[in-house]
Amino acid sequence: MPLITYIDHKGNAFEADVPVGDSVMQGAVDNMIDGIIGQCGGACACATCHCIVEDAWFEKTGPASDEEKLMLEMSSEMQDNSRLSCQIEVTDDLDGLVVHMPQSQY
Amino acid sequence: MNSDSIAVIIGGSHAASQLIASLRQEGWIGRILVISDEKQLPYHRPPLSKTYLSGEKTPENLLIRKPAVYEKLNVKWLLETHVESIDRATKSVVLGNGERLKYDKLALCTGARVKKLAIAGSNLSGIHYLRNLSDAEAIKKDIKHGGRAVIIGGGYIGLETAALLRKMGMAVDVLVHSSRVLRRVTAGPVSDFFTRLHSQEGIQIHTREKPDSFEGDKQVESVICASGKRFLADLVIIGIGVTPNTELAEACGLPVDDGIIVDEFCASEEDRDIVAVGDCAKHPSSIYNRFLRLESVPNASEQAMSAAATMCGKIKPYAVVPWFWSDQYDIKLQMAGLNDDYDQMVIRGDIDNSRSFVAWYFLNGKLVAADCVNRPQEFRLAQQMLKNGINPSPEELADDNLGVKQLLELIE
């Protein structure tokens, strides 16, 4: 099962095994990792699952869709590697993925 | 609280799922028992009228958390179990089979149930409501490409299912009792927009139509309205609102008024060992200065966080800006705040000819709500403005030549 590392705004790292096919958001919710809220359950409606994908992984996750970008652009913490984690589907290719969670989601 | 303390949660949906997680996060080391009349562990309800009906999602996809997560959190479930009553004197709940279960803290996450339409023929097959997974499963079996569907009710459930059935190749008539769709949740011009949207997509909306009876042998064949009009139907979905499940609370003497009355910490002032969360709860809003009962997932989740703190003897008041969303065709409707009381409304964008605009609502010059149609940026902006009490002028908000970034500068 792919291992995903979630790093909070203070630098604390949380590792979770997330099944292929789940979203990165679901992985955080199922593992009680604070910092990814996911209020709308993955409908791309709330932007409470913002994460910043570590540089080395961004090519594999790919960039945000137009719809995601519109939601993300309103966040003061948006970076070039920002994604909504509900829109990143976990695949075997993403084994080892590292994402950072913005301070505003705490 | 110690490891022998028992938290009992009645109800097993969004509120319960978040409450369980938050209880553990707040340090509840005692037992957690959830009693739910559903067959399944908590699942996402919003997709039932959207991606679940269309077949994009399976029941497993809908689970809010996986079964293993609850095991790890050491939660005991009593599914398909009915609670008969609450005995506050002995701090216990009584099940349908007479069994009594003790609690130290009790959470009422009882939700709401659909309002039923009691007219002739309402027992015919092919007539559905939509609240639970089992309802959605039954509807799915009756969806037939080329068939006819009649939707009774012009609220979110009615319009979302109408859009979906149309997409799946059914002819759809929507019957609305009042003069316009979404009357309870939006202003006239926005209702007009949604009527236009649905008619562009090939759906017939009929206002001021009151169903009088259903006709058919065993299977529904038509809906007859008081006006005398007859609408042919292979499938009928009724979405005319919900009633909060407050009977348990009322019977044990807790204050109830179209919702279980709680304080800003989600506790009943009559008995602070009992909290109520979600669709069934009515809380005081410091933003709107009145009691509100909200029917939304974000409300259930956020209240659960506050209630969990209360159950653990901590203080975390519930004070958030309400928000709602709906998906219909390519439209994402996101609403921030409450627009049921306003004296001025301005539109940003072209509401008459496009599928992208914002309706801003003001009361006494103060921004109180925004309905955003395919405008996620303005939605996020509205949330921030409402949260922080920022009031740009109606003229500024209506000016679509001002970019969102410029509006953002106004509030920073």
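No experiment lies behind these values; they were computed from the predicted model shown. (Residues numbered from 1 in each chain as written. Chains lettered and ligands numbered in written order. Predicted model: local features only at pLDDT ≥ 70, side-chain atom pairs only at ≥ 80, totals over all residues.)

Chemist: Account for the overall build of chain B, naming residues and giving values.
Modeler: Scanning chain B for helices and strands turns up 11 helices and 27 strands. Taking 412 residues into account, the globule formula puts the C-alpha radius of gyration at 22 Å, and chain B, at 22 Å, falls close to it. Counting only C-alpha atoms, chain B reaches 65 × 60 × 35 Å along its principal axes. A buried classification covers 46% of the 412 residues belonging to chain B. The long-range share in chain B, meaning contacts at least 24 apart out of those at least 6 apart in sequence, stands at 62%. (Helix = DSSP H or I, 4+ residues; strand = E, 2+ residues; numbered from the N terminus. Rg over C-alpha atoms; globule rule 2.2 N^0.38 Å. Buried ≥ 20, exposed ≤ 12 C-beta atoms within 10 Å, placed from the backbone. Contact = placed C-beta atoms within 7 Å.)

Chemist: Lay out the overall build of chain A with the relevant residues and their values.
Modeler: Scanning chain A from N- to C-terminus turns up three helices and five strands. When the helices and strands of chain A are read in sequence order from the N terminus, they spell out β-β-α-β-α-α-β-β. Computed over C-alpha atoms, the radius of gyration of chain A comes to 12 Å, within 12% of the 13 Å expected from 2.2 N^0.38 for 106 residues, which places it in the range of a compact globule. C-alpha atoms of chain A, sized along the principal axes, occupy 35 × 25 × 25 Å. Residue burial in chain A is summarised as follows: out of 106 residues, 44% are buried. Across chain A, the fraction of contacts at a sequence separation of at least 24, relative to all contacts at a separation of at least 6, is 65%.

Chemist: Summarise the environment of A:Tyr6; cite the residues concerned and give the values.
Modeler: Residue and element names in this part refer to chain A. Inspection of the secondary structure puts Tyr6 in strand β1 (residues 3-7). Classification of Tyr6 as buried rests on a count of 25 C-beta atoms within 10 Å. The spatial distance from the C-alpha of Tyr6 to the C-alpha of Ala43 is 21 Å, given a sequence separation of 37 residues. Excluding its chain neighbours within four sequence positions, the residues that come into contact with Tyr6 are Phe14, Ala16, Ala28, Ile33, Gly35, Val99 and Met101.

Chemist: Now, about the domain arrangement of chain B: what can you tell me, with residues and values included?
Modeler: Under the domain assignment used here, chain B contains domain 1 (6-113 + 243-311), domain 2 (127-240) and domain 3 (330-411). Using only C-alpha atoms to locate each centre, domain 1 of chain B and domain 3 of chain B end up separated by 33 Å. (Domains from an automatic or database assignment.)

Chemist: Pulling in residues and values, what's your account of the interface of chain B and chain A?
Modeler: Each side of the interface is counted separately: chain B has 18 residues, and chain A has 13 residues. Taken together, the elements giving at least two residues each to the side of chain B that touches chain A come down to α1 (14-25), α8 (297-311), β23 (323-328), β24 (331-337) and α9 (376-388) of chain B. Looking at the side of chain B that touches chain A, the element that brings in the most residues is α9(B), giving four residues. Split by residue class, the side of chain B that touches chain A holds eight nonpolar, five polar and five charged. (Nonpolar A, V, L, I, M, F, W, Y, C, P; charged D, E, K, R; others polar.)

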